[in-house]
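The lines below spell out each chain.
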Amino acid sequence: MTTLRPRAVGTPMERLDGPAKVTGTARYAFEHPVENPLYVHPLQATVARGRVTAVDTEAAEASPGVACVLTHRDAPRLADTGDLELAVLQSGRVAFRGQFVGAVVAKSPETARYAASLVRFAYEEEQPDVELRADRDDLYTPDSVNPGFTTDTDEGDVDGALAAAPVSVDVTYTTPMEHNNPMEPHTTVAVWRPDGDVRLLLYASTQSVHGVRRTLAPLFGLGDDQVRVVSPHVGGGFGSKGMPHAHDVLAGLCARVVPGRPVKLALTRQQMFTLAGHRTPTVQRLRLGAAADGRMGAVCHEVVERTSRIKEFAEQTATATRMMYSAPHRRTTHRLAALDVPVPSWMRAPGECPGVFALECAMDELAAVCGLDPIELRVRNDPPQDPETGRPWSGRKLVECLREGARRFRWHERPAAPGTRREGGELVGLGVASATYPYYEMPGSEALVRYDGEDRWTVRIGAADLGTGTWTTLTQIAADALEAAPADVTLLIGDSALPTATVAGGSAGLASWGSTVIGAVRAFRAKYGADPDPGSEARAGMPEHPDGKGYAMHSFGAHFAEARVDADTGEIRVPRMLGVFSAGRIVNPRTARSQFLGGMTMGLSMALHEHTVMDPRTGHVVNGDFADYHIAAHADVRDMDATWLDEEDTCANPMGARGIGEIGIVGAPAAVINAIFNATGVRVRDLPATPDKLLEGLDALRS
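Keep in mind that this is a model prediction, so the values were computed, not measured.

Undergrad: Requested: an account of the sheet that holds strand β10 (residues 167–175), with residues and values cited.
TA: The mixed open sheet is built from five strands, whose spatial order is β9-β17-β16-β15-β10. Two strands close off the open sheet at either side, each with one partner strand: β9 (153–155) and β10. Within the sheet, the average angular offset between the axes of one strand and its neighbour, ignoring direction, is 10°. Helix-sheet contacts for helix α9 (residues 352–370) involve β10, β15 (282–290) and β16 (296–308), and the interaxial angle to β10 is about 145°.

Written as structure tokens, this is what we have:
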């Protein structure tokens, strides 16, 4: 494949949106100026299963400043109610605690919130079922797992190979329910224009303006061209803003009741714990069989996880195990329990993040049983081609990442025997884990390139920047494709009035949009040559890349962590983390490092803190705020570094780049957990690793 000749690409160009963000002039969804807005406060179900039998809105409707109160009795009817998550206020049925059962629209947020407290609901309550267990008798096999992988795979004689293996491990790991919690809450400002060409205008916090338009238009009985979604800046999403949720529909319904008046809806932090998706909890059984020298003959990864009763989301938790290491006998399975819980969805590296955590911890356990260095075990099982497809790798450099990381992290200082290195009152250990994430490239984007004269260009594409750096990196790509300076290129993104763009998700955004922009530039040159007239423009979609079809394309990495555990209290600190990645050409080292470190920080948070607690009796999330849902803070992140191999993947796309948004979190929790074992000799198999899970082992170590 002909790759881009980099000039701006590969340089640490400062963020073009940086000045606007630090001066407060970058407009997020709630901040777009609108005239005479109204404000929405949602009403949420206080039961986890049942139906609404009575509603009293009289006091709320009489409250000064209230425009209207909506419930299922009087909300506008949607044209399509097939997606039950989005069938907002279409019936009195309650599928989970926190579900929308109404909304107050008023002249101020405070008025709406007060009036909401006056609304009374009565319910016919049913016993909810919210608890995930691997021994449930109602587990089922989904047709596929996100985003379309085969649910189960079975190659060779797994049971026979495990039974005959000289060395084996059989362990179960669990990961809890977790929440994305981006800094900017999920927000939608909606305007219903009954006489306009655009009937529904939305300022939305989303990773896909075209995805929101495509989903909401048929719900409201509109054509795509009758809905416009604007989202130039997004304050984080981590997947939770990759698809529309119920609040988008509720805002549209409220706007329809007060035509011409903008309505503003911003979920509170507490509401985000039930209405904006989450990472499903998992129970994962890993069985590995190997020869005495550690070379694996069999791997079996069996996953049980949870979905909502009203909408299936099957996380692809075991899919990375299918290609990560050599083993002739391989099995992966996924089973779901449909429960009375909120709808799970994408959270940074869905599937790979929890699945690789379990796999990489199991590999550490196998290394201990074999008496091997954990890096050496991974090197011995590094496959020469993709074990799942048999295809050659476009660039698998996991071993190089492990070797480089070991050198930088001073891996030779790792205690050979767990629990033997003590510094003062702390036990010290080092851990390692591999990382991988598949290369995705999503067709369907288009870009328009226009020559403005005097060496100035404008590039239009409806892409999204959720803090990842799209404003900057896509400008760099466009500049190099045009053989222009970045300062001479104006990029327009974040509006469904622009040419269509795929979602910012799956680490596929820049690969897809960058290829599309390059395709549009090449179409422009083919049409106008090197000396175009001002006003000349060309539009094109993402070109095909046939060179990559015969290859297995994945990014890889190696995570290293140092854990220090108080020998008396079990308090855990992680003073050092390092990630070394192989992800093709890095378009912008500045924004890339930010992405890698952000993922690693989330991995640290997953390892030590994050755990959404749901009351099994009521379906209530009991720690639904930042006071009780703990995440890594600045004090938890000390010496954290990320680096990468200098390379390009010529099979992937004209930039030679692969995605980087998710691989930073994949494997990071396992590196921390493995470091805790090396420090203490205690295996933590149920995330997060909290001091109470170490105390019994520390007592044994002292004795």
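Undergrad: Break down unusual backbone geometry for me, citing the residues and quoting the values.
TA: The step from N146 to P147 runs through a cis peptide bond, and the omega angle for that step is -10°. Here P147 is to be found in the loop between β7 (144–145) and β8 (149–150). Cis rather than trans, the peptide bond between L687 and P688 has omega equal to -5°. Secondary-structure assignment places P688 in the loop between α15 (668–680) and α16 (695–702). For E454, which is not glycine, the phi dihedral falls at a positive 55°. One non-glycine residue, E483, lies in positive phi territory at about 55°. By relative accessible area, which is 61% here, E483 ends up exposed.

Undergrad: Please set out the pairing of β10 residue by residue, giving values where relevant.
TA: Only one face of β10 is buried: it carries V167, V169, V171, Y173 and T175, and the other face, with S168, D170, T172 and T174, is open. Here β10 runs beside β15; their pairing, made up of nine bridges, is antiparallel. Across the sheet, V167 pairs through a bridge with A290, a residue of β15.

Undergrad: Quick one: what's the story with the packing of α9 against α15, residue by residue and with numbers?
TA: The N-to-C vectors of α9 and α15 enclose an angle of 30°; their axes lie 8 Å apart at closest approach. As judged from the angle between their axes, α9 and α15 are roughly parallel. For the pair α9 and α15, the sense of crossing is right-handed. Across the interface between the two elements, V356, F357, E360, C361 and D364 from α9 touch P669, A670, I673, N674 and F677 from α15. In terms of residue class, the contact of α9 with α15 is made up of seven nonpolar, one polar and two charged.

Undergrad: So what about the pattern of salt bridges? Which residues, and what values?
TA: Where charged atoms from two side chains of opposite charge approach closely, those side chains can pair. Within the structure shown, the criterion is met by 51 salt bridges. R407 serves as the salt-bridge partner of E404, at 2.6 Å between the closest nitrogen and oxygen. One end of the pair, E404, and the other, R407, are both in helix α11 (residues 398–409), three residues apart, so they sit about a helical turn from each other. Via salt bridges that share partners, R421, E423, E426, E562, R564 and R576 belong to a single interconnected network.

Undergrad: With reference to specific residues and values, describe the environment of T81.
TA: Among the secondary structure elements, T81 is positioned in the loop between β3 (66–71) and β4 (93–94). On a C-alpha basis, the gap between T81 and G453 in space is 49 Å, while along the polypeptide they are 372 residues apart.

Undergrad: Account for the domain arrangement of the protein chain, with residues named and values stated.
TA: Accessible area lost during the coming together of the parts is what is often quoted as the interface size. Under the domain assignment, the protein chain is made up of domain 1 (38–127 + 181–273), domain 2 (129–176 + 284–390) and domain 3 (442–541). A separation of 40 Å is found between the C-alpha centroids of domain 2 and domain 3.

Undergrad: I'd like a description of the side chain of H301, backed by residues and values.
TA: Summarising the element assignment, H301 is placed in strand β16. Among the polar contacts listed, one links the side chain of H301 to the side chain of Q284, at a separation of 2.7 Å. The contacts of H301, once residues within four sequence positions are left out, are Q284, R285, L286, T317, A318, T321, R331, T332, T333, G355 and A358.

Undergrad: Describe the packing of aromatic side chains, with residues and values.
TA: This model, assessed by the stated rule, comprises 14 aromatic pairs. Between the aromatic rings of W192 and F220, the centroid separation amounts to 6.1 Å while the plane-to-plane angle is 45°, which identifies the pairing as tilted. Within this pair, whereas W192 is found in strand β11 (residues 187–192), its partner F220 is found in the loop between α5 (209–219) and β13 (227–230), the two being separated by 28 residues in sequence. For the pair W192 and F220, a shared accessibility class is recorded, and that class is buried. On the basis of an interplanar angle of 10° and a centroid distance of 4.3 Å, the ring pair of F581 and F596 is categorised as stacked. Of this pair, F581 sits in strand β25 (residues 572–582) while F596 sits in helix α14 (residues 589–608); the two residues are 15 residues apart in sequence, bridging distant segments of the chain. Looking at F596, the relative accessible area reads 0%, which means it is buried. Among the aromatic residues, those joined into a ring-pair cluster are Y451, W457, F524 and Y528. If you follow K264 out to its NZ or CZ, it ends over the ring of F30, 4.7 Å from the centre.

About the cut-offs
- Residues numbered from 1 in each chain as written.
- Predicted model: local features only at pLDDT ≥ 70, side-chain atom pairs only at ≥ 80, totals over all residues.
- Heavy atoms only, no water.
- Pairing = 2+ DSSP bridges.
- Helix = DSSP H or I, 4+ residues; strand = E, 2+ residues; numbered from the N terminus.
- Axes fitted to C-alpha atoms, helices over the stretch in contact; angles between N-to-C directions.
- Contact = heavy atoms within 4.5 Å.
- Buried < 20%, exposed > 50% of the residue type's maximum accessible area, 1.4 Å probe, protein only.
- Parallel < 35°, antiparallel > 145°, perpendicular 65-115°, else oblique.
- Left-handed = near helix turned anticlockwise from the far one by under 90°.
- Nonpolar A, V, L, I, M, F, W, Y, C, P; charged D, E, K, R; others polar.
- Salt bridge = Lys/Arg side-chain N within 4 Å of Asp/Glu carboxyl O.
- Domains from an automatic or database assignment.
- Polar contact = N/O pair within 3.5 Å; in protein donor to acceptor, adjacent residues only side chain to side chain.
- Phe/Tyr/Trp six-rings, centres within 6.5 Å; stacked < 30°, edge-to-face > 60°.
- Lys NZ or Arg CZ within 6 Å of the ring centre and 35° of its normal.

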